[in-house]
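Residue-level listing of the chains:
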Amino acid sequence: MDNYINVPVAPPARNARRTESIKLYGPDAFEGMRRAGVLTARCLDGVTDLIRRGTALAEINSFVIDFAAANKSTPATLGYKGYQYACCTSVNHVVCHGFPNEKKLRDGDIVNVDVTLILDGWYGDSSRMYVVGRPKRAAERLIQIAHEAMMKGIKAVRPGARLGDIGYAIQNYAHSERCSVVRDFCGHGIGQVFHDSPNILNFGKSDTGPELRPGMIFTVEPMINLGRGDVKMLADDWTAVTRDKSLSAQFEHSIGVTDNGFEIFTLSPKGLHAPNIDLLSISA
């Protein structure tokens, strides 16, 4: 039987910890997640101006650090389990957790930037795809499919549905578009803990898994490959890449389950969270 914990009033952030129980949060938590989520979305909006030929990924990392400091927040990944950067930058066939190092962007590159900012103890977690110049049609199509797969999963969220419905919606859509779903990584509970219960798989069977209840807060973040879904880890033990070197794309939102559906906390104030190639494309 699934185990839930009611958290009507948020505990102090220093007392927050991961549990195997699913937390059901109250209104104050949703307000905290709104503030953290929109701050992260604003950070990702600002990244847009850096996506051009010749930009070193390290410049994105520096921007995130400066943005966080200016907004009295903290990058969650900086120092997390030994990770040394304030964000993840995953280019082309990198699936996730790519280092924002001195590598420079080139024409046609696609890049996922994943940012989590902690504001007043609440974690706003989101990622988006960006393109440099004009991508190839296959890359453009993959970006659209990855975003739609995420939205299919989110739209399956409502009280009484089950976690398996989210994964089924994502997998079913991606496969219908002849793309693969990465199974090695998944979404997760979030709130005042970076990675909490439950895991949000990007594949599965409908009407299976724990029941979705109002107050649950988690991320939906499918990684979609043009080729096979198999990945391998590089020697740094962080960077995951596609085994067949096919392109990979990912989008991520932090959401909460409401009485009649869902709320997305990480929508862009500028409307840049959805892929519009003409808007995302930056002339080199």
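This one's a predicted model, so the numbers in the text were calculated from it and none came from an experiment.

Draft legend 1. Structural detail: the packing of helix 1 (residues 27–47) against helix 2 (residues 57–70). Close contact between helix 1 and helix 2 brings their axes to 10 Å; oriented N to C, the two are set at 140°. Looking at the two axes, helix 1 sits oblique to helix 2. As helix 1 runs across helix 2, the sense of the crossing is right-handed. For the pair helix 1 and helix 2, the contacting residues are Leu39, Arg42, Cys43, Gly46 and Val47 in the first and Ile60, Phe63, Val64 and Phe67 in the second. For the contact of helix 1 with helix 2, a count of residues per class yields seven nonpolar, one polar and one charged.

Draft legend 2. Spotlight on the sheet that holds strand 13 (residues 231–233). The three strands are arranged 5-14-13 in an open sheet whose pairing can be described as antiparallel. Each of the sheet's edge strands pairs with one partner strand only, and the pair in question is strand 5 (94–96) and strand 13. Mean inter-strand twist for the sheet, computed between neighbouring axes without regard to direction, equals 40°. One ladder, built from three bridges, connects strand 13 with strand 14 (residues 240–242); its direction is antiparallel. The residue bridging Lys232 from the neighbouring strand is Val241, located in strand 14.

Draft legend 3. Spotlight on unusual backbone geometry. A cis amide bond links Ser197 to the next residue, Pro198, at an omega of 0°. Among the structural elements, Pro198 can be located in strand 10 (residues 196–200). One non-glycine residue with positive phi stands out, namely Asn92, at about 60°. Counting through the fold element by element, Asn92 comes out in the loop between strand 4 (88–91) and strand 5. On the basis of relative accessible area, Asn92 is assigned to the buried category, the value being 17%.

Reading the values: rules and limits
Residues numbered from 1 in each chain as written. Predicted model: local features only at pLDDT ≥ 70, side-chain atom pairs only at ≥ 80, totals over all residues. Heavy atoms only, no water. Axes fitted to C-alpha atoms, helices over the stretch in contact; angles between N-to-C directions. Helix = DSSP H or I, 4+ residues; strand = E, 2+ residues; numbered from the N terminus. Parallel < 35°, antiparallel > 145°, perpendicular 65-115°, else oblique. Left-handed = near helix turned anticlockwise from the far one by under 90°. Contact = heavy atoms within 4.5 Å. Nonpolar A, V, L, I, M, F, W, Y, C, P; charged D, E, K, R; others polar. Pairing = 2+ DSSP bridges. Buried < 20%, exposed > 50% of the residue type's maximum accessible area, 1.4 Å probe, protein only.

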